[in-house]
Amino acid sequence: MRLLLVEDEIDIQSFLRRSLEEAGYEVEAAPDGKTAERLAVDNLFDILIVDLGLPDQDGITLILRLRQLGVRAPVLILSARRSVDDRVRGLEQGGDDYLTKPFALAELLARLRNLLKRNSPAASEATRLRVLDLELDLLRREASRGGQVLQLTQQEFVLLEYLCRNAGRVVTRSMILDKVWGMRIQPDTNVVDVHIYRLRGKVDGIGQQPLIRTMRGVGYVLKDR
Amino acid sequence: MRSAAWRISLWATLAFACGTMVVFVFLQSFVAGDIQRRTDAWLSGEVEVLGDVAERTPKDALYDRVVGEVAELAAREVPDKPASESGSSDSVFFLQSGGDGSLKLWVGAGSGEDHLRAIKAGGVPSDHPADLRVPGFAVPFRVASIRIGDGSHIFLGLSERDELRVLKSLRLRFLLLWMAIVLLGFGIVFLSTRRMLSHVREITEAASRIGHSDLNARVPTTRRNDEVSHLALTLNRMLDRIESSMHQLHTITDSLAHDLRSPLTAIRGKLEMSLSTATDGEQTEPIVSAIDELDRLTDFLNKSLDVAEAKADALRLTRSTIDLDELLRVMIDLYEPSMSERGLHVELFSGGPVAIFADAALVHRMVANLLDNELKHLPPACTLTIELRGNEDAASLILEDDGPGFDPEVLEHIFERRVKGRDSNGHGLGLAFIDAVARAHRGTVAASNRESGGARISVTLPLASGETAHFSVPAKSSLR
């Protein structure tokens, strides 16, 4: 996976580069918009990380310019700003994602994977999801494990569906809040955890292999092997 | 219509009407005095002539005829004399009374006895003309008299009917003209003040729309160089200054946020990387707690800046239409498991959709803060009731619980920064933030202790304004 990192802060650039490379990305870094534009046109990247506060131009201007130049790769926007620009919302509608600084690395990686998957043509319009012995019927809004139908509430089904679609990948609490409840909030309390505990109680029965794992300090993952 | 234009034009018209009325009264009394003076001069002249004639004419059989004809001639000289119903003149009379007070000679309408009686009763001074009221005549006579050699008196009377008629027509004409002018004046004053005040109203409306972080707009100005346009220009200059200081505040908070967040990002990243290389629990524990502290610091930074901006009425809003009913249901759905886990019971009373035009992210965080607050402070087995009401122009959200309530010591300053209960472990910004968001949306927050025990927080937010009330269902996103 080739990734273009556009970030002018040397400290942030260096630790991001290291962690992204550890996570298996092939990273090219650009400290400003001009360099980024040259690199993006000359090379083919799978995904871009763009900081909004670049020294020579606005990050959004750069993204729009790259889109004009035919760069189709999804973009993860990093922002240290306080308010979310309308144009960022526009890009988000167009399939890109944004993350405010400071962020958890796991969150960044999870969102990158999410963007890559969303962009791959294999994204299914399937009516059924299957992860190991867990099966979700999206039309009848019904989940079953090992043939046993699970008694889930509407909200629990949506949550499980989200976990299934990201099976094997870590999803963070803020991603769950964003995608399942449609809110970008940071509760002081463990509201998401309680939902996961309840769901786990229904999905992982006694004697069964536990599917929903907690990644401490990061989020949750639905095991797919 | 309770407009100042009405009041101003009413008072101005009243003053104008009174003024013109006073002027007219003076004018009329002057005209009346002048007419009387002319009448008196004529009467005095004629009565002298008649006295002269009467004295020279021998007292024979022809005396009556001669004097009578002279009197008739004098009567014809009366200017602008209207023909009376009887054909003969009743506006002038000539009367000669003998020294013994008997009627010697009479020229005029009627027998003259009434006139003689009235003269005897009233007494007419011989040196200047005077008014005489005769029974049977509605209008008094102006009578001049002269005494001749044989001891008899000659009286010449002229009815004041003509004078009164002239004055009456003068009054009538004035009244009609006066009313027309007063009405016209009222109309002009009303229209011009209304025009001026409508400009003031436009300025007021524009000014009330401005503010609360929307400082781009300006009040309308005119090219006229009057007080109102000066007011508009002054307001606009003031808005320029406010906008520039607001802009400065935004620049400061933005650069503060940026300058703090960048190093925080780097620190957090480095901590996480050292966490991934650390192996045993003894090494990881302090790193994890450092990351936790860092996240709390970040949250504190964000909320502090929001509260600071909101206190200065400078919070920037990205508004959209939000259904509070839908939002509350989603929020309660999110919080309910945590609540019941702690033994809390939550109930929602809502009468259906309530649309507000607000910043979705801020309102989400505000409601989450309210619920976090309850979740953290309510002891087990308590009930939280949430009531949503959409009134005519405002949505009100009322949270009531049957817990211990607010500490009375902090209740007074509960929405200020850094105020928190004794056993609270937060940074004391939660309620200040809620207040900040409500204020930014021109709403209010009130906190109190219920009489039956427990806390009550009520948030009021203005409803979506008419033009923006196109309804959309937001918030709860489904999976793609």
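This report concerns the structure included in the present document.

Cut-offs applied
- Residues numbered from 1 in each chain as written.
- Chains lettered and ligands numbered in written order.
- Predicted model: local features only at pLDDT ≥ 70, side-chain atom pairs only at ≥ 80, totals over all residues.
- Contact = placed C-beta atoms within 7 Å.
- Helix = DSSP H or I, 4+ residues; strand = E, 2+ residues; numbered from the N terminus.
- Nonpolar A, V, L, I, M, F, W, Y, C, P; charged D, E, K, R; others polar.
- Buried ≥ 20, exposed ≤ 12 C-beta atoms within 10 Å, placed from the backbone.
- Pairing = 2+ DSSP bridges.
- Axes fitted to C-alpha atoms, helices over the stretch in contact; angles between N-to-C directions.
- Expected span 1.5 Å × (residues − 1).
- Arc of directions from axis to C-beta.

## Observations concerning the interface of chain A and chain B
Item 1. Listed as interface residues are 39 residues of chain A and, on the opposing side, 40 residues of chain B.
Item 2. Mapped onto the side of chain A that touches chain B, the elements with two or more residues apiece are helix H1 (10–22), helix H6 (154–165) and helix H8 (191–203) of chain A.
Item 3. The leading source of residues in the side of chain A that touches chain B is H1 of chain A, at six residues.
Item 4. Looking at side-chain class alone, the side of chain A that touches chain B contains 16 nonpolar, ten polar and 13 charged residues.

## A short note on unusual backbone geometry
Item 1. The omega torsion across Lys 101 of chain A and Pro 102 of chain A is -10°, close enough to zero to call that bond cis.
Item 2. Secondary-structure assignment places Pro 102 of chain A in the loop between strand S5 (97–100) and helix H5 (105–119).
Item 3. Its identity is not glycine, yet Leu 132 of chain A carries a phi of approximately 50°, on the positive side.
Item 4. Tracing the sequence through the fold places Leu 132 of chain A in the loop between strand S6 (128–131) and strand S7 (134–137).
Item 5. Owing to 14 C-beta atoms within 10 Å, Leu 132 of chain A belongs among the partly exposed residues under this scheme.
Item 6. The phi torsion at Ala 381 of chain B lies on the positive side, around 70°, for a residue other than glycine.
Item 7. Relative to the elements of secondary structure, Ala 381 of chain B occurs in the loop between helix H8 (360–377) and strand S9 (383–390).

## Some thoughts on the sheet that holds S9 of chain B
Residues and elements named next belong to chain B.
Item 1. Strand order in the open sheet made by the five strands is S7-S9-S10-S12-S11, with mixed pairing throughout. Here the strands that pair on one side only, and so sit at the sheet edges, are strand S7 (345–350) and strand S11 (444–449). When the angles between neighbouring strand axes are averaged without regard to direction, this sheet yields 10°.
Item 2. Looking at chain direction, S7 and S9 are connected through six bridges and run parallel. Each bridged residue has a counterpart across the sheet, and for Leu 348 the counterpart in S9 is Ile 386.
Item 3. In this fold helix H7 (residues 324–341) packs onto S7, S9 and strand S10 (394–401), with an angle of close to 170° to the strand it touches most, S7.

## Observations concerning the sheet that holds S7 of chain A
All names here are of chain A.
Item 1. Judged by pairing direction, the sheet is antiparallel, and its four strands sit side by side in the order S6-S7-S8-S9 without closing on themselves. Two strands bound the open sheet, and with one partner strand each, they are S6 and strand S9 (148–150). Across the sheet, the axes of successive neighbouring strands diverge by a mean angle of 25°, strand direction being ignored.

## Brief notes about the environment of Ser 102 of chain B
Item 1. Relative to the helices and strands, Ser 102 of chain B resides in the loop between strand S1 (92–97) and strand S2 (103–107).
Item 2. On a C-alpha basis, the gap between Ser 102 of chain B and Glu 113 of chain B in space is 9.3 Å, while along the polypeptide they are eleven residues apart.

## Some thoughts on H8 of chain A
Residues and elements named next belong to chain A.
Item 1. The first and last C-alpha atoms of H8 sit 19 Å apart over 13 residues, in line with the 18 Å expected at 1.5 Å per residue.
Item 2. Taken together, the buried positions of H8 are occupied by Val 191, Val 192, His 195, Ile 196, Leu 199 and Val 203. Mapping the buried residues of H8 onto a view down its axis gives an arc of 135°, with all of them on the same face.

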